[in-house]
Protein chains: 2
Amino acid sequence: MEEGSLNRAAARLRVSQPTLTRQLQAIEQELGAPLFERGSHGVLPTGLAHHLRESMTPVIGAYDRAWAELTAHAHGRQSQIRVGYLGLSAARFLTPVVGQFREIHPDVRLWLFDQTPGEQLQALRKGDLDLALIGQEGAMAGDDFYQQRVARIGVIAVLAAGHPLAEKDTISLSELSTEGFIVPAESAVPGRKLWIQQLCRKAGFSPQWVGETDSVTDTFARIAAEQAVSLLPDYLLQTAPPGITLMRLSDRCAFWDFTLLRQRGRLAPACRDLIRLIAETAKAS
Amino acid sequence: MEEGSLNRAAARLRVSQPTLTRQLQAIEQELGAPLFERGSHGVLPTGLAHHLRESMTPVIGAYDRAWAELTAHAHGRQSQIRVGYLGLSAARFLTPVVGQFREIHPDVRLWLFDQTPGEQLQALRKGDLDLALIGQEGAMAGDDFYQQRVARIGVIAVLAAGHPLAEKDTISLSELSTEGFIVPAESAVPGRKLWIQQLCRKAGFSPQWVGETDSVTDTFARIAAEQAVSLLPDYLLQTAPPGITLMRLSDRCAFWDFTLLRQRGRLAPACRDLIRLIAETAKAS
DNA sequence: GAGCGATTATACGTAATCCGCATAACCACG
DNA sequence: CGTGGTTATGCGGATTACGTATAATCGCTC
């Protein structure tokens, strides 16, 4: 259209004139109508040609931009990192890291999403997250993502404040063998029930389930109301609400693995730095 | 990504597995990073693959929609017709047609653009118009568009109300031979000056130019102020403002061709109907 | 531990595609 | 009626792309 002549257009496109003629014929045949009218003076665009240019120019632009973004990503120049985390773990593991990371990579946008482990896994599967910070329930993800243990932390028992065991100084897992356990729903925290089950098995008993909840707040409320118990990772130690007593388990074998899941594939430098910072912070604490 | 296996994906895409493997390798090489991690269990998508799907899905969707629209256009199923017209000619030639057309093609969107002939030509060249309704200045478009004379109408002289010739009953072109002519700028109405020049030549004289204007309103104002004259198509006969007298020329050879320009290429049925209606209306009036 | 079933990667021959050169056909203009 | 411009076409060669057959690998089961 700009040259008004297949000859000149072919020269500009670095192909021969017969080639361009045939390519044009192919498109016209596929469309079902001519794009140019030929004459001894050259070619004149039809309305269809104008229409094609108008509608395809933005498509090509969008493609080029997307491709540029993709190659940048492929070469490790990531413009954003999307991290999912469990709200209550952020204070200890994530908050201190954000500032340091921004200093190293001020041009990389850091998105933080407060999500349950179940939501994080779903987001990873959809490709909406690059990194997920969850407990060892990450094992439920199977081989779909890379896993890395960031820290191994203790376990605390959750008791109603008036519970007899709440009066003691220390508590061991076996003392909970006759209690009723409350666990979060499998959809919210996949694998948590299994984890408690295995812990109890090590302590020599099989836990008795008395209910499922949707959130930590809900867990606390029901434990206070129903005199039930549960087990949680110990970063929640300082967050006991009124009516709830949190006690660290004395069992050595009772631990909770803080796990980082990341999307498969090459690790961008920025992402590597972020993971390093998180791992260091977790180890130090 | 949906199948989790090159074998199953190849079957779905109706190609052989080696072919799909090589196509994937080609894209990965061009990107510079793998899209999948291979294993004996099948393939697992990397973060880059997720990114690619996220960014390319809308591009492909936009392409498909644009292509569908294009083939529809190519097969004559046009969803819109964009018509440029000269504001003052609409009442006589275009307004009556719009209603009739809407009855025949209620699903075709009719866009009407009030533009000077110069703007219309420019819009045609950009592909922003399908049809243009102008005077015989359309000849200036050269071979870029199809031309069709819609009607041949008379010419009127524009005189200041106090002008001596304004007192007469009839007027012929030769009586204007000593007057000063005002014409619209070439950019606004290309060819108008040439047309007047040729008319005067037929009448045996060469017109004397005293100024250029940007609009009909401006033309009227300057003619009233400067006692100049001009020539216009006679559909403006009823629109004389105070201080202006409009008189039909008695010369038989003085006429103005009302011309329809249309984009090159196949003529869609809806567009053909619209043109037919315009031509009939013009002929009847 | 051997074998089976599944996976992806590679080798190779063939078929199809695509390109450029040469040339034909056409037109406007002088 | 040639001449310089245009686009279209025939043809040979090089490249590409595909499918079949096969290799290499891995996990699972017996």
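Our structure is the block above this text.
Draft legend 1. Expanded view of the pairing of strand β5 (residues 131-134) of chain A. Residues and elements named next belong to chain A. Residue alternation in β5 divides its side chains into two sets, Leu131 and Leu133 and Ala132 and Ile134, and both sets are buried. In this sheet, β5 lies alongside strand β3 (residues 80-85) in parallel orientation, the contact comprising three bridges. Within the sheet, the bridge partner assigned to tyrosine 85 lies in β5 and is leucine 133. The pairing of β5 with strand β11 (residues 255-262) spans four bridges and is classified as antiparallel. Counterpart to isoleucine 134 in the pairing with β11 is threonine 259.

Draft legend 2. View of the relation of the copies chain B and chain A. The operation relating chain B to chain A is a screw motion whose rotation component is 180 degrees, with 0.0 Å of axial translation and a residual RMSD of 0.1 Å. Taken together, these values place the two copies in the relation of a two-fold axis. Of the C-alpha atoms belonging to chain B, the one lying closest to the rotation axis is found on B:Val59, 3.1 Å away. Both copies present the same face, since 100% of the interface residues in chain B are matched by interface residues at the equivalent positions in chain A.

Draft legend 3. Seen up close, the protein's contact with DNA strand C. Around DNA strand C sit 21 residues, and of these A:Thr19, A:Arg22, B:Leu6, B:Asn7 and B:Arg38 come closest. Each atom of DNA strand C within 4 Å of the protein belongs either to a base or to sugar and phosphate, the latter forming 70%. Take B:Leu6: an N or O atom from its main chain is 2.3 Å from a phosphate oxygen of DNA strand C. Between B:Gln17 and DNA strand C, the recorded distance is 3.0 Å, taken from a side-chain N or O atom to a base nitrogen. Every element with two or more residues in the surface near DNA strand C is listed here: α2 (17-31) of chain A together with α1 (6-12), α2 (17-31), β1 (36-39) and β2 (42-45) of chain B. Counted by class, the surface near DNA strand C contains five nonpolar, 12 polar and four charged residues.

Draft legend 4. Structural context of the protein's contact with DNA strand D. Residues in close proximity to DNA strand D total 21 residues, the closest being A:Leu6, A:Thr21, A:Arg38, B:Ser16 and B:Thr19. The sugar and phosphate moieties of DNA strand D supply 64% of its atoms located within 4 Å of the protein. One of the side-chain N or O atoms of A:Asn7 is found 3.2 Å from a phosphate oxygen in DNA strand D. A distance of 2.6 Å is found between a phosphate oxygen of DNA strand D and a side-chain nitrogen or oxygen belonging to B:Thr19. Among the residues forming the surface near DNA strand D, the class breakdown is five nonpolar, 12 polar and four charged.

Draft legend 5. Layout of the environment of A:Pro106. Residue and element names in this part refer to chain A. Relative to the helices and strands, proline 106 is located in the loop between α4 (90-104) and β4 (109-114). For proline 106, a relative accessible area of 63% puts it in the exposed group. Between the C-alpha atom of proline 106 and that of threonine 71, which follows or precedes it by 35 residues, the distance is 21 Å.

Draft legend 6. Examining unusual backbone geometry more closely. With a phi angle near 60 degrees, A:Arg14 is a residue other than glycine that sits in the positive phi range. One can find A:Arg14 in the loop between α1 (6-13) and α2.

Draft legend 7. A look at the interface of chain B and chain A. Chain B puts 39 residues into the contact, and the matching count from chain A is 39 residues. A combined buried area of about 3500 Å² lies between chain B and chain A, and 66% of that area is made up of carbon and sulfur atoms. Per-residue buried area on chain B facing chain A is highest for B:Leu31, B:Leu70 and B:Arg264; these three make up 16% of the total on that side. Note that B:Glu37 and A:Arg264 form a salt bridge whose closest N and O atoms lie 2.8 Å from each other. At the boundary of chain B with chain A, the tally comes to 16 residue pairs in polar contact (both at pLDDT 80 or more).

Draft legend 8. Region of interest: the pattern of salt bridges. All names here are of chain A. This structure, assessed with the given rule, holds 31 salt bridges over all chains. Across the pair aspartate 234 and arginine 248 runs a salt bridge, and its minimum N-O distance is 2.6 Å. Of the two residues, aspartate 234 sits in the loop between β9 (230-233) and β10 (244-248) while arginine 248 sits in strand β10, which places them 14 residues apart along the sequence. On the basis of relative accessibility, which here comes to 8%, the residue aspartate 234 falls in the buried class.

Draft legend 9. Structural view of the packing of α1(A) against α2(A). Residues and elements named next belong to chain A. Closest axis-to-axis distance for the α1/α2 pair is 8 Å, and the angle between their directions is 105 degrees. Viewed along their axes, α1 and α2 adopt a mutual orientation that is roughly perpendicular. Contacts between α1 and α2 involve Leu6, Asn7, Ala9, Ala10 and Leu13 from the first element and Gln17, Leu20, Thr21 and Leu24 from the second. When the residues that make up the contact of α1 with α2 are grouped by side-chain class, the tally is six nonpolar, three polar and no charged.

Reading guide: rules and limits
- Residues numbered from 1 in each chain as written.
- Chains lettered and ligands numbered in written order.
- Predicted model: local features only at pLDDT ≥ 70, side-chain atom pairs only at ≥ 80, totals over all residues.
- Heavy atoms only, no water.
- Buried < 20%, exposed > 50% of the residue type's maximum accessible area, 1.4 Å probe, protein only.
- Helix = DSSP H or I, 4+ residues; strand = E, 2+ residues; numbered from the N terminus.
- Pairing = 2+ DSSP bridges.
- Least-squares fit on C-alpha atoms with pLDDT ≥ 70 in both.
- Contact = heavy atoms within 4.5 Å.
- Near = heavy atom within 4 Å.
- Polar contact = N/O pair within 3.5 Å; in protein donor to acceptor, adjacent residues only side chain to side chain.
- Nonpolar A, V, L, I, M, F, W, Y, C, P; charged D, E, K, R; others polar.
- Buried area = accessible area lost by both parts, 1.4 Å probe.
- Salt bridge = Lys/Arg side-chain N within 4 Å of Asp/Glu carboxyl O.
- Axes fitted to C-alpha atoms, helices over the stretch in contact; angles between N-to-C directions.
- Parallel < 35°, antiparallel > 145°, perpendicular 65-115°, else oblique.

Keep in mind that these numbers describe shape and distance, not what the molecule does.
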